[in-house]
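# Observations on chain architecture
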Amino acid sequence: MQKLHSGWLTVTPSGRWCLQSARSSPLPSLLRRQKKTVTFVGPLMMKKLIEIVQTPVKPRWIRTKIRWVWSDNRLIIGPMIGILTAGDGMGFKGNRENFKDLFNTGKRLGALVFVFTPKGINWKENRIQGFLYDEKLDAWHAHVMPFPHVVYNRVPTRKLEKMAEVRKTLDKLAATPNILLFNRRFFNKNLLFKRLEKHQEAASFLPFTKKLETYNQLRLFCSLFPFVYLKPVSGKAGKGIMRLERKNNKWFLQQVHQQNSISLRFLRLEQVWHYLREQTKNRGYIIQQGISLARYKGRPFDVRVLVQKDGSGNWGVTGIGIRRAGVNSITTHVPRGGSIQSTSAVLAHVFADQAEEIRERIEEAALIIAHSLNEEVESLAEMSMDFGLTPQGRLWFFEANAKPEKFDEPSIRRSSLANLIRFAQHVFTTEEMLENLA
């Protein structure tokens, strides 16, 4: 296998692909003389003419850095990263700003990033209708693309991910040789805790958590803990979360409502159960031990951690953020009134000389959780996690998200995008992958 090199790939509006090698990575003399080569691109070997030219960039000519290798008289280029979402044609769904950021990061670091949907896949001809981003025109353009080496699942909602067409596509992609589909589906909170309970190190961070099924179960939790949380197993951004507490011989149930919470009062726990049965009908819920969180400037906060696989294929902590609860809110989610705080400032304010030690403990716990889940769930490469800290500095794990939204902290955001590209480069440049593509 020959050495990997760097170059520029240009895709024209007519669909021509032109490769321009970096000066430090000269193309073989045979390619320079012929000015073009027919090769097979992508893991499913789509036939493509690659022109070897010094290509000027014109409007609607899309250009990105790329890696290439000349092996067995064949040109291999990559990685190609497909962002899988749902929708039809140019009406594809998802966070387009996120997709643009990932395309531009690939352009800078060396990867061809495109968006595609199940409707755009032609399995018989091993090609895809993909969408490339034109930064100059701030527009997406449709192009015939090969199958990507790495598929990044960003189907935006559980409802869309459960559609038959999407499920079938995810299953077929996962079973296709030389394609890595990572973060295949959203997590289910109940299954998440069951999986982590199998791992002793991870289990030490878990609050007592069970699927909510019976009144006796509710009564047991309420007898063991001063307050409990009720969370939908398929919830997102705090939606559907409830907090139950007994005060002055009455039961108070708080529910997330827009940016605040509403509170209901009950005289008996049986009344609470009847209400909960109606509220949770046809929706799975977990019941969880309530944790008294440390406070910053009078309000509770929790810790958000982003973990990702890096350019070596290893788990690492990309960044740590702090989210403080809003006024009268039972969650810290920003869409529910929470606010973003400086991690270093909050930890130093609350824990003083212990701040650095606690930060190290947070990172260690996040990696323990990541490695444990990686043994239980195939093809994970990134996730965000929510942790809670007590006033004494004890760390508790609350949940993980297999499709994290972007972190608003600029440094974490930049690192997260770079890690996604570098991980894809790692997948593409493994000896096994290159041998299979040669």
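Structural notes, computed from the coordinates.

Parameters at a glance
Residues numbered from 1 in each chain as written. Predicted model: local features only at pLDDT ≥ 70, side-chain atom pairs only at ≥ 80, totals over all residues. Heavy atoms only, no water. Core = buried A, V, L, I, M, F, W, Y, C linked by side-chain atoms within 4.5 Å. Buried < 20%, exposed > 50% of the residue type's maximum accessible area, 1.4 Å probe, protein only. Helix = DSSP H or I, 4+ residues; strand = E, 2+ residues; numbered from the N terminus. Contact = heavy atoms within 4.5 Å. Patch = residues over 30% accessible without salt bridge, like charges linked within 9 Å, V, L, I, M, F, W, Y side chains within 5 Å. Areas by Shrake-Rupley, 256 points an atom, 1.4 Å probe, with all protein chains shown as cover. Salt bridge = Lys/Arg side-chain N within 4 Å of Asp/Glu carboxyl O. Pairing = 2+ DSSP bridges. Arc of directions from axis to C-beta. Polar contact = N/O pair within 3.5 Å; in protein donor to acceptor, adjacent residues only side chain to side chain. Axes fitted to C-alpha atoms, helices over the stretch in contact; angles between N-to-C directions. Parallel < 35°, antiparallel > 145°, perpendicular 65-115°, else oblique. Left-handed = near helix turned anticlockwise from the far one by under 90°. Nonpolar A, V, L, I, M, F, W, Y, C, P; charged D, E, K, R; others polar.

Counting 59 residues, the largest nonpolar core has Trp-17 and Ile-77 as its most contacted members. The biggest single contributor to this core is helix H11 (residues 410-429), with six residues. When residues no more than four places from it in sequence are discounted, the contact partners of Ile-77 are Leu-9, Trp-17, Val-41, Ile-50, Ile-66, Arg-67, Trp-68, His-149 and Phe-428. Core analysis: the next-biggest nonpolar cluster, separate from the first, contains 38 residues, Phe-301, Ala-355, Ile-369 and Leu-380 among them.

A contiguous nonpolar surface patch, about 260 Å² in accessible area, is contributed by Phe-208, Leu-220 and Leu-224. Along the polypeptide, Phe-208 turns up in the loop between helix H6 (200-203) and strand S14 (209-211). The class for Phe-208 is partly exposed, based on a relative accessible area of 31%.

Quick look at the pairing of strand S24 (residues 382-389) now. The buried fraction of S24 amounts to eight of the eight residues, a majority that puts the element mostly inside the structure. Bridging between strand S21 (residues 299-309) and S24 involves seven bridges; their strand directions are antiparallel. For Val-303, the partnering residue across the bridge sits in S24 and is Phe-387. Where S24 lies against strand S25 (residues 395-401), six bridges are found, and the strand directions are antiparallel. Each bridged residue has a counterpart across the sheet, and for Leu-389 the counterpart in S25 is Leu-395. Linkage of S24 to S25, two consecutive antiparallel strands, is achieved through a turn of five residues, within which Gly-393 is found at a positive phi near 95°.

A few words on the pairing of strand S6 (residues 74-78). Within S6, five of the five residues are buried, leaving the element largely enclosed by the surrounding structure. Direction of pairing for strand S5 (residues 62-71) relative to S6: antiparallel, over a ladder of five bridges. Bridged to Val-69 within S6 is Ile-76. Hairpin connection between S5 and S6: a loop of two residues separates the two successive antiparallel strands, and Asp-72 in this loop has a positive phi of roughly 50°.

Moving on, we get to helix H5 (residues 189-197). Of the residues making up H5, those classed as buried are Lys-189, Asn-190, Leu-192, Phe-193 and Leu-196. Looking straight down H5, one finds that the buried residues subtend no more than 160° of arc, so they occupy a single side. Taken together, the buried residues of H5 touch H6, S14, strand S15 (227-232), strand S19 (285-289), helix H10 (355-376) and S25. One side-chain oxygen at the N-terminal end of H5 lies 2.9 Å from the backbone nitrogen of Asn-190; it belongs to Asn-188.

Along the chain, Glu-270 turns up in helix H8 (residues 269-279). Measuring from C-alpha to C-alpha, the distance between Glu-270 and Leu-4 comes to 67 Å, with 266 residues separating the pair along the chain.

To continue, consider helix H9 (residues 343-351). Of all the positions in H9, only Thr-343, Val-346, Leu-347 and Phe-351 are classed as buried. In an axial view of H9, the angular spread of the buried residues amounts to 95°, which keeps them on one side of the axis. H9 presents Ser-344 and His-349 as exposed residues on the side facing more than 90 degrees away from its buried surface. Among the structural elements, strand S20 (295-296), S21, strand S22 (315-324), strand S23 (339-341), H10 and S24 are those in contact with the buried residues of H9. Ala-352 sits one or two positions beyond H9 and adopts a positive phi of about 50°.

Cis geometry marks the peptide bond from Gly-78 to Pro-79; its omega dihedral reads -5°. Mapped onto the fold, Pro-79 is located in the loop between S6 and strand S7 (80-84). Residue Lys-297 is not a glycine yet carries a positive backbone phi of 55°. With respect to the secondary-structure elements, Lys-297 resides in the loop between S20 and S21. Of note in this structure, Ser-379 is not a glycine but carries a positive phi near 55°. Position of Ser-379 relative to the elements: it lies in the loop between H10 and S24. Using a relative accessible area of 30% as the deciding quantity, one classes Ser-379 as partly exposed.

Now for the sheet that holds S6. Strand order in the open sheet formed by six strands is S3-S4-S2-S1-S5-S6, with mixed pairing between adjacent strands. Each edge of the open sheet carries a strand with a single partner, namely strand S3 (36-41) and S6. Shown here is a sheet whose adjacent strand axes are inclined to one another by a mean of 40°, direction ignored.

This next bit is on the packing of helix H7 (residues 215-224) against H8. Where H7 contacts H8, the two axes come as close as 10 Å, and the packing angle between them is 125°. By the angle between their directions, the pair H7 and H8 is classed as oblique. Crossing of H7 against H8: the hand is right-handed. Every residue of H8 that contacts H7 at Tyr-215, Leu-218, Arg-219 and Cys-222 is listed here: Leu-269, Glu-270, Trp-273 and Leu-276. The class makeup of the residues in the contact of H7 with H8 is six nonpolar, no polar and two charged.

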